[in-house]
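Structural description and commentary
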Amino acid sequence: MKHLVHNAADVLYPTQDDEDDGRNGTAAATEDDDKPKSSAELLQEEIDGLKNDAKIRKTGRFSALDSGVKGIILVQFLDQTMDVKKIIGHIFDQVQKTMEFSSRFIQRMIPLEKLCYPSVEEIAACATPFIERQFKDTTGLQFAVEVRKRNSGNIVTMDIINACVAVVGPQHKVNLTTPDVVILIEIFKNVCGVSVVTNFHQHKKFNVRMILEPHVKGDKKQADQNDETKADDATEDANDNDK
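A quick note: this is a predicted structure, and the numbers were derived from the prediction, not measured.

**Digging into the pattern of salt bridges**
- All chains considered together, the criterion is met by six salt bridges.
- E113 serves as the salt-bridge partner of K85, at 3.9 Å between the closest nitrogen and oxygen. Of this pair, K85 sits in helix α4 (residues 84-98) while E113 sits in the loop between α4 and β3 (114-116), and the two are 28 residues apart along the sequence.
- A relative accessible area of 21% places K85 in the partly exposed class.
- When its relative accessible area of 21% is taken as the criterion, E113 is described as partly exposed.
- R108 is the salt-bridge partner of E186, the closest N and O atoms lying 4.0 Å from each other. Of the two residues, E186 is situated in strand β6 (residues 181-188) and R108 in the loop between α4 and β3; the sequence distance between them amounts to 78 residues. Comparing E186 with R108, the two get one shared label, buried.
- Members of the salt-bridge network, linked through shared partners, are R108, R148, R150 and E186.

Quick look at the structure:
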């Protein structure tokens, strides 16, 4: 999964090192024409470059974390300048554009803007800034609260939903079918992830298989219908021959 977010991040957020390489390469060539660098300066530049490369390899831009739930992996964004919703949205845009996906085993990729402890109070406090960002100074938006729980104990789903609805306020309406905004609450064991998105249904609930497989099923259904038609034609031909 990390290679997917890495590739999307490289497109949306080119590393500063890559950008600097292009600019500094041109500047260095100009400086070399005027004043050649000494061997000591060149050696120091190479050492600095090696140290920087080692730091990048050690830290990277993402880190895979164990969620404690079988089949679920958390990918932590170490670079705080990157927008997780933008990166996941880019991945799904490409899937819908190309109808291709490089992993056979990933089913869903869910953008979570912040993690918290899974209690109603903590979830409401964690979600409030993201809800206010989306709903503040607006009226008439239609929204839904999507709660998914895995190995999460006794926390009550409706309590979470009611807490989020209270933050949204009465000037907006609930729409469970085609909402403008979806408040995502994903709970796994002792961790809760929160996000507020506007492309939940556009990207089929962030489910890759729901995007790809309907086309396969449709093709299969059409093929079955064609086979049935051919079989009927063959039967009619056989009956005609018998006559």
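**With respect to the side chain of H172**
- In this fold, H172 is placed in the loop between α6 (157-168) and β5 (173-174).
- Reaching out from H172, the side chain makes a polar contact with the backbone nitrogen of L141 at a distance of 3.1 Å.
- Look past the residues within four positions of H172 in its chain and what remains in contact with it is F135, T138, T139, G140, L141 and F143.

**Describing the nonpolar core**
- Counting residues in hydrophobic clusters, the biggest one holds 26 residues, and the most contacted among them are V5, F62, I87, I88, I91, F101 and M109.
- Contributing elements (two or more residues each) for this core: α1 (2-12), β2 (73-77), α4, β6 and α7 (208-242).
- Here the element with the most residues in this core is α4; it accounts for six residues.
- If we skip the residues at most four places from it in the chain, F101 touches L4, I91, V95, I106, M109, V208, R209 and L212.
- If you look at the next biggest cluster of nonpolar residues, it comprises 22 residues, including I123, V147, V168 and C192.

**Concerning the pairing of strand β7 (residues 191-197)**
- With six of seven residues buried, β7 is to be regarded as a mostly interior element.
- Pairing analysis gives three bridges linking β3 to β7, with the strands arranged antiparallel. Each residue of the ladder has a partner; that of L115, found in β7, is G193.
- Bridge count for β6 against β7 is seven bridges, and the pairing is antiparallel. Paired with L184 across the two strands is S195, which belongs to β7.
- Where β6 hands over to β7, the hairpin turn is made up of two residues, of which K189 adopts a positive phi near 55 degrees.

**What about α4?**
- The end-to-end C-alpha separation of α4 is 21 Å, in line with the 21 Å expected for 15 residues at 1.5 Å each.
- One side-chain oxygen of the residue at the start of α4 lies 2.9 Å from the amide nitrogen of K85, identifying that residue as D83.
- Trailing α4 by a residue or two, M99 shows a phi angle of about 55 degrees, which is positive.

**Here we look at the sheet that holds β5**
- In spatial order, the strands read β3-β7-β6-β4-β5; together these five strands make up an open sheet with mixed pairing. A single partner strand is all that each edge strand has here, and the edge strands are β3 and β5.
- Packed onto the sheet, α6 meets β4 (142-150) and β6 and runs at close to 150 degrees relative to β4.

**A short note on the packing of helix α5 (residues 120-135) against α6**
- Two elements in contact, α5 and α6, have axes whose closest approach is 9 Å; the angle formed by their N-to-C orientations is 35 degrees. Note that α5 runs across α6; the crossing there is right-handed. Between α5 and α6, the residues in contact are V120, I123, A124, T128, I131 and F135 and D159, I160, A163, C164, V167 and V168, respectively.
- Grouping the constituent residues of the contact of α5 with α6 by class yields ten nonpolar, one polar and one charged.

**Focus on α5**
- The principal kink in α5, of about 40 degrees, is found at T128, preceding the proline P129 by one to four residues.
- Listed as buried for α5 are I123, A124, C126, A127, F130, I131 and F135.
- Buried positions along α5 lie against β3, β4, α6, β6 and β7.
- Downstream of α5 by a residue or two, D137 has a phi angle that is positive, lying close to 60 degrees.

The rules behind each value
Residues numbered from 1 in each chain as written. Predicted model: local features only at pLDDT ≥ 70, side-chain atom pairs only at ≥ 80, totals over all residues. Heavy atoms only, no water. Salt bridge = Lys/Arg side-chain N within 4 Å of Asp/Glu carboxyl O. Helix = DSSP H or I, 4+ residues; strand = E, 2+ residues; numbered from the N terminus. Buried < 20%, exposed > 50% of the residue type's maximum accessible area, 1.4 Å probe, protein only. Polar contact = N/O pair within 3.5 Å; in protein donor to acceptor, adjacent residues only side chain to side chain. Contact = heavy atoms within 4.5 Å. Core = buried A, V, L, I, M, F, W, Y, C linked by side-chain atoms within 4.5 Å. Pairing = 2+ DSSP bridges. Expected span 1.5 Å × (residues − 1). Axes fitted to C-alpha atoms, helices over the stretch in contact; angles between N-to-C directions. Left-handed = near helix turned anticlockwise from the far one by under 90°. Nonpolar A, V, L, I, M, F, W, Y, C, P; charged D, E, K, R; others polar. Bend = angle between axes of the 7 residues up to and from the residue.

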